Amino acid sequence: MAKEPMRVLVTGAAGQIGYALVPMIARGVMLGADQPVILHMLDIPPAAEALNGVKMELVDAAFPLLKGVVATTDVVEACTGVNVAVMVGGFPRKEGMERKDVMSKNVSIYKSQASALEAHAAPNCKVLVVANPANTNALILKEFAPSIPEKNVTCLTRLDHNRALGQISERLNVQVSDVKNVIIWGNHSSSQYPDVNHATVKTSTGEKPVRELVSDDEWLNGEFITTVQQRGAAIIKARKFSSALSAASSACDHIRDWVLGTPEGTFVSMGVYSDGSYGVPSGLIYSFPVTCSGGEWKIVQEDGCHCPRADGGEDACLLMPRVNSTTPREQLPPQCFE
Ligand SMILES: NC(=O)C1=CN([C@@H]2O[C@H](COP(=O)(O)OP(=O)(O)OC[C@H]3O[C@@H](n4cnc5c(N)ncnc54)[C@H](O)[C@@H]3O)[C@@H](O)[C@H]2O)C=CC1
Ligand SMILES: O=C([O-])CC(=O)C(=O)O
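Everything numeric in this text was worked out from a predicted model, so none of it was measured. Each chain carries its own residue numbering, running from 1 in the direction its sequence is written. Chains carry letters from A onward and ligands carry numbers from 1 onward, assigned in written order. Given that the model is predicted, a residue must reach a pLDDT of at least 70 before its local features are reported, and side-chain atom pairs must reach 80 or more before they are shown or counted; all residues, however, enter totals for whole chains, interfaces and linings.

Novice: Could you clarify how one ought to interpret helix 5 (residues 134-144) in this entry?
Specialist: Each full turn of the α-helix corresponds to 3.6 residues, which orients residues three or four apart in the same direction. Whether a residue is buried, exposed or partly exposed is read from the other C-beta atoms within 10 Å of its own C-beta, which are placed from the backbone; 20 or more gives buried, 12 or fewer gives exposed, and intermediate counts give partly exposed. Runs of H or I in DSSP of at least four residues are treated as helices and runs of E of at least two as strands, each being numbered from the N terminus. The buried fraction of helix 5 is high, at nine of 11 residues. Along helix 5, the residues classified as buried are Ala-134, Asn-135, Thr-136, Asn-137, Ala-138, Leu-139, Ile-140, Leu-141 and Lys-142. Where the residues of helix 5 are buried, they touch helix 4 (103-120), strand 5 (126-129), strand 6 (153-155), strand 12 (268-273) and strand 13 (285-293). Here contacts are defined at the residue level, using C-beta atoms placed from the backbone and a cut-off of 7 Å between them.

Given below as structure tokens:
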């Protein structure tokens, strides 16, 4: 039997990311090739004509999974009954700015949209905040929509995660799909910590640690980290606009894994509210390694890890399957020593 359509809200849908994202959703990239969708697209009145143009193109593309399009400048209409909300609407930074420089404009948007989502979205609506500063906007949304469960409010750090996979794949000349389990810790900002200490590559003789294959700690601890941290700025410098197709694709990855589950043995990075894991203060929206199953994310814990910080235990650490008490200190991630 055909599935009931899911309603997916995209705010800022007339913008660059929106234009790349809505066809991906309509093609099933976000929710699966058997999941019909109804798109709800919100933008502000000056963008209403452009938004209508996007709607016309969606109709023209004749996507089989697309069962309806709501294109509106009314936040209540946009939020009504949505099962997934991808919050892209806002102002992007320009060359020379940090993401926090757009904070005052974007934060006020998130206060008002939080209330509309709280009052009108479907129960258990899953929210992904993309607009910058993404962690802060998600925190604002969570604070101003107190009846939305805090586990349902997340922000996008999957783009940073995918950028890290891409850098490793280029460096080793391997398929990006064979690289997994990088981690982005912290904020979607230049202060993030891209971590390869648990990352592996699938080879013909099994999975091998990225550190062993790269065999260049100076690059991994230096240029690799800054390249990932600064990639957004590099794209702005090159394109004069911020990342759009990669942001849209990563937003699909984030929601797909959240709703449909992460593959066995794989974790991904999501900005989620902290439950105090790894000493991160509770209630912050922070990027952690997570696994997803049954529509729920779970922070990967380091129980049973043999690293110097843990009590020991026989089971391999989920984060660091190849780390034990004989692993050189310089190959352990900083949180082992916190
Ligand atoms: N978390 C991440 O990994 C990434 C985040 N971003 C952020 O995503 C946001 C969107 O980027 P772009 O699409 O490139 O920008 P854009 O300027 O092309 O599009 C933004 C759209 O939001 C609309 N908008 C403004 N205020 C709104 C409101 N109150 N309600 C609904 N819509 C509203 C604008 O009219 C515009 O159509 C920016 O904040 C950008 O910095 C961009 C790339 C990656
Ligand atoms: O850098 C920006 O302003 C846009 C963004 O968040 C990214 O590309 O990661």
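Novice: Sorry if this is basic, but what is going on with the site of ligand 1 here?
Specialist: Only the C-beta atom matters for nearness: placed from the backbone, it must lie within 6 Å of the molecule or strand for the residue to count as near. Lining the immediate surroundings of ligand 1 are 29 residues, of which Gly-12, Gly-15, Gln-16, Ile-17 and Gly-89 lie closest. Top contributing element to the shell around ligand 1 by residue count: helix 1 (residues 16-26), with three residues. Polar here means any residue other than Ala, Val, Leu, Ile, Met, Phe, Trp, Tyr, Cys and Pro, which are nonpolar, and Asp, Glu, Lys and Arg, which are charged; Gly is therefore polar. Partitioned by chemical class, the residues of the shell around ligand 1 number 16 nonpolar, 11 polar and two charged. For the shell around ligand 1, the two domains that each supply at least three residues are domain 1 (6-155) and domain 2 (158-318). What marks off one domain from the next here is an automatic or database domain assignment.

Novice: Explanation requested: the site of ligand 2 in the structure shown.
Specialist: Residues in contact with ligand 2, as listed here, are Pro-92, Arg-93, Arg-99, Asn-132, Leu-159, Gly-232, Ala-233, Ile-235, Ile-236, Ser-242 and Ser-243. Per-element tally for the shell around ligand 2: the top contributor is helix 10 (residues 231-239), with four residues. Of the residues assigned to the shell around ligand 2, the class counts are five nonpolar, four polar and two charged. Viewed by domain, the shell around ligand 2 spans two of them, domain 1 (6-155) and domain 2 (158-318), each represented by three or more residues.

Novice: Honestly, helix 2 (residues 48-61) in this entry has me stumped. Any pointers?
Specialist: By this rule the span expected of a helix is its residue count minus one, scaled by 1.5 Å. Spanning 14 residues, helix 2 covers 20 Å between terminal C-alpha atoms, matching the ideal 20 Å at 1.5 Å per step. Close packing links the buried residues of helix 2 with helix 1, strand 2 (37-42) and strand 3 (66-72). Among the residues trailing helix 2, Ala-62 stands out with phi positive, at a value near 50 degrees.

Novice: Would you mind showing me how to read the UniProt feature "binding site: substrate" (unreviewed entry) in the chain here?
Specialist: UniProt positions are given in the numbering used here, feature names are shortened, and annotations may be inferred rather than shown by experiment. Look at the UniProt record and you will see "binding site: substrate" (unreviewed entry) annotated at Arg-93, Arg-99, Asn-132 and Arg-163. Of note, Asn-132 is situated in the loop between strand 5 and helix 5. Dropping the residues within four chain positions of it, Asn-132 is found in contact with Gly-90, Arg-93, Arg-99, Val-102 and Asn-106. With respect to the helices and strands, Arg-163 occurs in helix 6 (residues 158-172). A tally of 23 C-beta atoms within 10 Å means that Arg-163 is categorised as buried. When residues no more than four places from it in sequence are discounted, the contact partners of Arg-163 are Val-228 and Arg-231.

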